[in-house]
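Single-letter residue listing:
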Amino acid sequence: ATIITYILNHSSIHVSRKGWHMLLNLCFHMAMTSAVFAGGITLTNYQMVCQAVGITLHYSSLSTLLWMGVKARVFHKELTWRAPPPQEGDPALPAPSPMLRFYLIAGGIP
């Protein structure tokens, strides 16, 4: 659905370089998840192959969820963040620094 939506609406969708990177990663991992599932669902008789398919499915599905979350966060930031209006006599404010390290330390709780 993501790939088809992008192909059909390519002319009206303007994707930044960061967004293009996230879109490619998301589509790649969704395709990998689907392909591994479709190819490995019937290979349960062989223990090593079954384990490899399970590990690959686990990795690809977690990667898909990661890129969905990153894309949602970027969309949210782009749609809600507004620069504060400059006031007379105030020096320019520096750009906000990323808080990812604090989210990772706190276990995802902001």
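All values reported here derive from a predicted model rather than from experimental measurement. (Residues numbered from 1 in each chain as written. Predicted model: local features only at pLDDT ≥ 70, side-chain atom pairs only at ≥ 80, totals over all residues. Heavy atoms only, no water.)

Looking at the overall build of the protein
A tally of helices and strands in the protein yields 4 helices and 0 strands. When its helices and strands are written in sequence order, the protein yields α-α-α-α. Looking at the protein as a whole, 16% of its 110 residues qualify as buried. Across the protein, the fraction of contacts at a sequence separation of at least 24, relative to all contacts at a separation of at least 6, is 61%. Of the roughly 9,300 Å² that the protein leaves accessible, carbon and sulfur atoms contribute 69%. (Helix = DSSP H or I, 4+ residues; strand = E, 2+ residues; numbered from the N terminus. Buried < 20%, exposed > 50% of the residue type's maximum accessible area, 1.4 Å probe, protein only. Contact = heavy atoms within 4.5 Å. Areas by Shrake-Rupley, 256 points an atom, 1.4 Å probe, with all protein chains shown as cover.)

Structural notes on the UniProt feature "transmembrane region" (unreviewed entry) in the protein
Mapped onto the present numbering, the UniProt feature "transmembrane region" (unreviewed entry) falls at residues 23–46 and 52–70. The distance from the first to the last C-alpha atom of residues 23–46 is 35 Å, and the span holds 75% helix and 0% strand. Secondary structure within residues 52–70 divides into 100% helix and 0% strand; the distance between the first and last C-alpha atoms comes to 27 Å. (UniProt positions renumbered as here; feature names shortened; annotations may be inferred.)

Re a nonpolar patch on the surface
A cluster of nonpolar side chains, contributed by Ile13, Val15, Trp20 and Leu24, occupies part of the molecular surface with about 320 Å² of accessible area. Along the polypeptide, Leu24 turns up in helix H2 (residues 17–40). By relative accessible area, which is 46% here, Leu24 ends up partly exposed. (Patch = residues over 30% accessible without salt bridge, like charges linked within 9 Å, V, L, I, M, F, W, Y side chains within 5 Å. Salt bridge = Lys/Arg side-chain N within 4 Å of Asp/Glu carboxyl O.)

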